[in-house]
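Given next are the chains, with one letter for each unit.
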Amino acid sequence: MSIREKLSGNEAAATALRQMNPDVMAAFPITPSTEIPQYFSKYVSDGRVDTEFVPVESEHSAMSACIGSQAAGARTVTATSANGLALMVEELYIASSSRLPIILSVVNRALSGPININADHSDSMGARDAGWIQLYSEDNQEAYDNLIQAVRIGEHKDVQLPVMVCQDGFITSHAIENIKLEEDEDVKEFVGTYKAEEHLINKGNPIAMGPYDTADYYMEHKYQQNRAMENAKKVIEEVAAEFKEMTGREYGFFETYELEDADYALVLINSAAGTAKETIDKMRAEGKKVGLLKIRVFRPFNRDRLVELLKDVKYVAAMDRSETFSTSGGPVYHETAAALYPETTRPEIISYMYGLGGRDVTIESIESVFNDLMEIEETGEVGERYRYLSLRE
Amino acid sequence: MAKEINETMNWKELTPGGTIYTAGNAENFNTGDWRVNKPIFKEDKCIQCLLCAPVCPDTSIPVKDGKRLEFDYDHCKGCAICAEVCPVDAIEMIPEGQDE
Amino acid sequence: MTTEMKYKFKEELNKEERFTGGHRMCAGCGAPVAVRTVLRALNEEDEAVIGSATGCLEVSTFMYPYTSWRDSFIHNAFENAAATTSGAEAAYQSLKKQGKIDKDTNYKFIAFGGDGGTYDIGFQSLSGAMERNHDMTYVCYDNGAYMNTGIQRSSATPRYADTTTTPVGKKGRGKSEFRKDMTAIMADHNLPYVAQTTFIGNLKDLHTKAKKAIYTEGATFLNVMAPCPRGWRYPPEKLMELCKLAVETCYWPMYEIENGEWRLNYKPKKKLPIEEFLKAQGRFKHVTKAEKKDMIEEIQAEVDHRWEKLLVKCGEK
């Protein structure tokens, strides 16, 4: 039976982490995710969790300690943002190659420089090749639900990969909104107990983790990770089905909004989806056939499903909240365009860079994107394929 | 006995992430062929002080019941640290292959 | 724990080896001698989790598909042996408290790092883990340079040593700084036990200190000088002689700090001139063969200065 509450995204994330009662949390503070280890420390201090909290001296050490802990056989979690995530990037690769299902709550914030503390996706997008499953959350509800499901996805024997659950800094993390929480007991039952087959602390069965691989072995080890990521697709759906049974809330790889008969669609991630939905409501009332494809699972990237959902759309704007400096667009655009390329019929697709460093996303600005798509249809000319939204020029 | 992992195996046969479940299996790897010089154990001279055993980087002087045994030539690299520390010249270094 | 521990040498050597041969360390390398001796200090009934930084030790002893380690072992990256091992230790505390690990199971946590992974890139991680007082032991095998990547200088490299990033040349005379006193820095972390040692005789000093470090509750640190025949340029068989010279010249004093109390473990009857230690190594050839003795004098002055300071701290003066 869900409990109605009003929580910020950070508190929602902290609550999910509390309810899964991890064995260890090793974390270092950074705005805007700082509240997560703070809330958690209070849970520890009040004896509400069995977690050993390790106040490490940097994010690199946070992930290092998480790796040591998970390898030892303990369910381990942490949280970070921006440069904290960047500082632990080397470790992210090692966590996934060592096949350790660590859970990381990312509160998206722009990477320096210049230093900026607001929402953008450069941090988690910068880590997209590290071999972690990436789940993105539009609001506090999704952040909470994603974290709970993340445990089951990562720990599944066919996956054994770490998972990061992302939400936008300040916009989601600090805004207090309605949320439905599940009972402690239900979450506890859903996530189950962590039982690693092989781990460091296992009397009589020592293991050695983290070898030096010559060229004879490295590629096969990477392929194993690739297969695990492929297996994750099935597991994500299975876990979502179980989650729906428990909560009634449905999750998939993507969420569509008014997409079925849309001629013009946006593809994007996280909180801007909320603004997009409102814009779509307004424009639909005016008779315009606009829609949204929101990405929840960015890694693995389910290109088959995406193609299925977009195939009847005529004009797509892929919107990115992080630069790659390819000069042709961001990660969402690249993944989407690459997915559509082999199809014989596919939408026209342009790329938008928006909301960098917390640049505000409004109904007006989203509407202008749809209007740009309609203009392309009218004139028959794409013009600039790669555009910046709300930039002062 | 499980087949030892080697570089002809495919991705399914290798352990995930390179984690090894057979602790201490380096024992099966021969480093004795590194030798340029070989230590010869002169048992009759040996006073079993055991000063040689712990200073071997390659664990090639086994000890049993308080006595050192013959060299482990599968692993000995011929560094001669043992010969240097032996107080009674019970270890003689000869060029590898000379005793064959 | 100040009880004088009797070193039953032969009994200790009867223990099963926790570190096998078949690794790819150089012939005559000092690091495995440190590892074997430290691990021998573990009680036979105790399990261990060994963490290691990237470096000669790790890449040579854990080259897939082989491992020389009989205990559980984890390698993560270069700079985080301490953080990684502290994570495993935290897991142990948590799992034990929750009853998820059998009460009779006893695990010890030992991290190994070279001077690179300890003094330099690993310094932050080490300081953090020690400051949090995890129940673990950190052992530095100090060979005075980044040996694994080809003998580059570290902050542990002695002054005037020839390394590949402080090469002797028309103008350069080797490393310009004196080495960092890591043991003193760790002592100032107020740890229950910190010690400096190397390989002497039947390895009693190292063994005893390893035992104290491992079985003292809380964060403990051991700094072990482990000569490198390639980097220092001496004949590999001279390992024990090099260590003896290091100690007899007071370049590498053997001392311990137990609950804040400094104790000198060995005072040479006759302190040898530092030149004896320098001339045994090719990396100081330009120093000992030079016409002017100024470099030797500078090194000697610093050795003397640090030795005098240490004597005062240990109440020997």
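In what follows, the structure referred to is the one given above.
Residues numbered from 1 in each chain as written. Chains lettered and ligands numbered in written order. Predicted model: local features only at pLDDT ≥ 70, side-chain atom pairs only at ≥ 80, totals over all residues. Heavy atoms only, no water.

### Here we look at the overall build of chain C
Part 1: Secondary structure summary: chain C contains 13 helices and 8 strands in total.
Part 2: Its C-alpha atoms give chain C a radius of gyration of 19 Å, near enough to 20 Å, the size a compact globule of 317 residues would have.
Part 3: Principal-axis analysis of the C-alpha atoms gives chain C an extent of 70 × 45 × 40 Å.
Part 4: The buried share among the 317 residues of chain C stands at 65%.
Part 5: The long-range fraction of contacts in chain C, counting pairs at least 24 apart against all pairs at least 6 apart in sequence, stands at 71%.
Part 6: Summed over its atoms, the accessible surface of chain C is roughly 11,700 Å², and 50% of this surface lies on carbon and sulfur atoms.
Part 7: Counting 46 positive and 42 negative side-chain charges, chain C places the centres of these two groups 4 Å from one another. (Helix = DSSP H or I, 4+ residues; strand = E, 2+ residues; numbered from the N terminus. Rg over C-alpha atoms; globule rule 2.2 N^0.38 Å. Buried < 20%, exposed > 50% of the residue type's maximum accessible area, 1.4 Å probe, protein only. Contact = heavy atoms within 4.5 Å. Areas by Shrake-Rupley, 256 points an atom, 1.4 Å probe, with all protein chains shown as cover. Lys, Arg positive; Asp, Glu negative; His and termini not counted. Charge placed at Lys NZ, Arg CZ, Asp CG, Glu CD.)

### Remarks on the environment of Trp252 of chain C
Residues and elements named next belong to chain C.
Part 1: Within the secondary structure, Trp252 is located in the loop between helix 10 (239-248) and strand 7 (255-258).
Part 2: Note on Trp252: relative accessible area 1%, which makes it buried.
Part 3: Each C-alpha atom of the pair Trp252 and Val224 lies 9.4 Å from the other, and the pair is 28 residues apart in sequence.
Part 4: Every residue in contact with Trp252, bar those within four places of it in the chain, is listed here: Tyr119, Asp142, Arg179, Gln196, Thr197, Thr198, Asn223, Val224, Met225, Ala246 and Val247.

### A short note on the sheet that holds strand 15 (residues 348-353) of chain A
Residues and elements named next belong to chain A.
Part 1: If you trace the 6 strands from one edge of the open sheet to the other, you get 10-12-11-14-15-16, paired in mixed fashion. Of all the strands in the sheet, just strand 10 (254-257) and strand 16 (386-388) have a single pairing partner and so form its edges. Between one strand axis and the next, the sheet turns by 25 degrees as a mean value, whatever way the strands run.
Part 2: As judged from the 3 bridges shared by strand 15 and strand 16, these two strands associate in the parallel manner. Bridged to Ser351 within strand 16 is Tyr386. (Pairing = 2+ DSSP bridges. Axes fitted to C-alpha atoms, helices over the stretch in contact; angles between N-to-C directions.)

### Observations concerning the side chain of His121 of chain A
Part 1: Within the secondary structure layout, His121 of chain A lies in the loop between strand 5 (103-108) and helix 6 (122-126).
Part 2: Discounting residues that sit within four places of it in the chain, His121 of chain A has contacts with Asn108, Gly126, Asp168, Ile269, Asn270, Arg321, Ser322 and Tyr354 of chain A.

### Some points on the interface of chain C and chain B
In many analyses, interface size is given as the accessible surface area lost on bringing the parts together.
Part 1: Taken residue by residue, the interface counts 37 residues in chain C and 39 residues in chain B.
Part 2: For Lys238 of chain C, the salt bridge goes to Glu84 of chain B, with nearest N and O atoms at 3.3 Å.
Part 3: Taken together, chain C and chain B are joined by 20 residue pairs in polar contact (both at pLDDT 80 or more).
Part 4: Elements with a minimum of two residues in the side of chain C that touches chain B: helix 1 (9-14), helix 2 (31-40) and helix 10 of chain C. (Salt bridge = Lys/Arg side-chain N within 4 Å of Asp/Glu carboxyl O. Polar contact = N/O pair within 3.5 Å; in protein donor to acceptor, adjacent residues only side chain to side chain.)

### Quick word on the pattern of salt bridges
Part 1: Tallying each qualifying case throughout the model produces 60 salt bridges over all chains.
Part 2: A salt bridge links Glu335 of chain A to Arg299 of chain A, with the shortest nitrogen-to-oxygen separation between them at 2.7 Å. Of the two residues, Glu335 of chain A sits in helix 12 (residues 331-340) while Arg299 of chain A sits in strand 13 (residues 297-299), which places them 36 residues apart along the sequence.
Part 3: Of the charged contacts in the structure, one is a salt bridge between Glu302 of chain C and Arg306 of chain C, with a shortest N-O distance of 2.8 Å. Of this pair, Glu302 of chain C and Arg306 of chain C both sit in helix 13 (residues 294-313), 4 residues apart, which is roughly one turn of the helix.
Part 4: Take Arg306 of chain C: its relative accessible area is 26%, and that puts it in the partly exposed class.

### Quick look at the pairing of strand 7 (residues 163-168) of chain A
All names here are of chain A.
Part 1: By the criterion of burial, strand 7 is predominantly enclosed, with 6 of the 6 residues buried.
Part 2: Residues Val163, Val165 and Gln167 point to one face of strand 7 and Met164, Cys166 and Asp168 to the other, with burial holding for every one of them.
Part 3: Both strand 5 and strand 7 contribute to a ladder of 6 bridges, which runs parallel. In the strand pairing of strand 7, Asn108 is matched with Asp168.

### Some thoughts on the pairing of strand 3 (residues 107-114) of chain C
Residue and element names in this part refer to chain C.
Part 1: For strand 3, the buried fraction is high: 8 of the 8 residues fall into the buried class.
Part 2: Alternating positions in strand 3 separate into two faces, Tyr107, Phe109, Ala111 and Gly113 on one and Lys108, Ile110, Phe112 and Gly114 on the other, with burial throughout.
Part 3: Of the pairings in the sheet, the one linking strand 1 (residues 47-52) to strand 3 comprises 6 bridges and is parallel in character. Counterpart to Gly51 in the pairing with strand 3 is Ala111.
Part 4: Bridging between strand 3 and strand 4 (residues 137-142) involves 5 bridges; their strand directions are parallel.

### Focus on helix 8 (residues 184-191) of chain A
Residues and elements named next belong to chain A.
Part 1: Turning to helix 8, its buried residues number three or more, namely Val187, Phe190 and Val191. In an axial view of helix 8, the angular spread of the buried residues amounts to 90 degrees, which keeps them on one side of the axis. What points out from helix 8, more than 90 degrees from its buried face, is the exposed set Glu185, Lys188 and Glu189. (Arc of directions from axis to C-beta.)

### Focus: the environment of Val303 of chain C
All names here are of chain C.
Part 1: Mapped onto the elements of the fold, Val303 is located in helix 13.
Part 2: Judged by relative accessible area, Val303 falls into the buried class, the value being 9%.
Part 3: In the structure, Val303 is positioned 219 residues away from Thr84 in sequence and 35 Å away in space, judged by C-alpha atoms.
Part 4: Setting aside anything within four residues of it in sequence, one finds Val303 in contact with Thr249, Cys250, Tyr251 and Ile274.

### So, the sheet that holds strand 7 of chain A
Part 1: Taken in spatial order, the 7 strands make up an open sheet running 3-2-4-5-7-6-13 (chain A), and their pairing is mixed. In the strand order of this sheet, the two ends are held by strand 3 (52-54) and strand 13 of chain A, each with one partner. In this sheet, neighbouring strand axes are inclined to one another by 20 degrees on average, regardless of whether the strands run parallel or antiparallel.
Part 2: Sheet topology note: the strand 6 (residues 133-137) of chain A/strand 13 of chain A ladder contains 2 bridges and is antiparallel. The residue bridging Leu135 of chain A from the neighbouring strand is Val297 of chain A, located in strand 13 of chain A.
Part 3: Each of strand 2 (24-26) and strand 3 of chain A touches helix 4 (residues 81-97) of chain C; the most contacted strand, strand 3 of chain A, lies at about 165 degrees to it.

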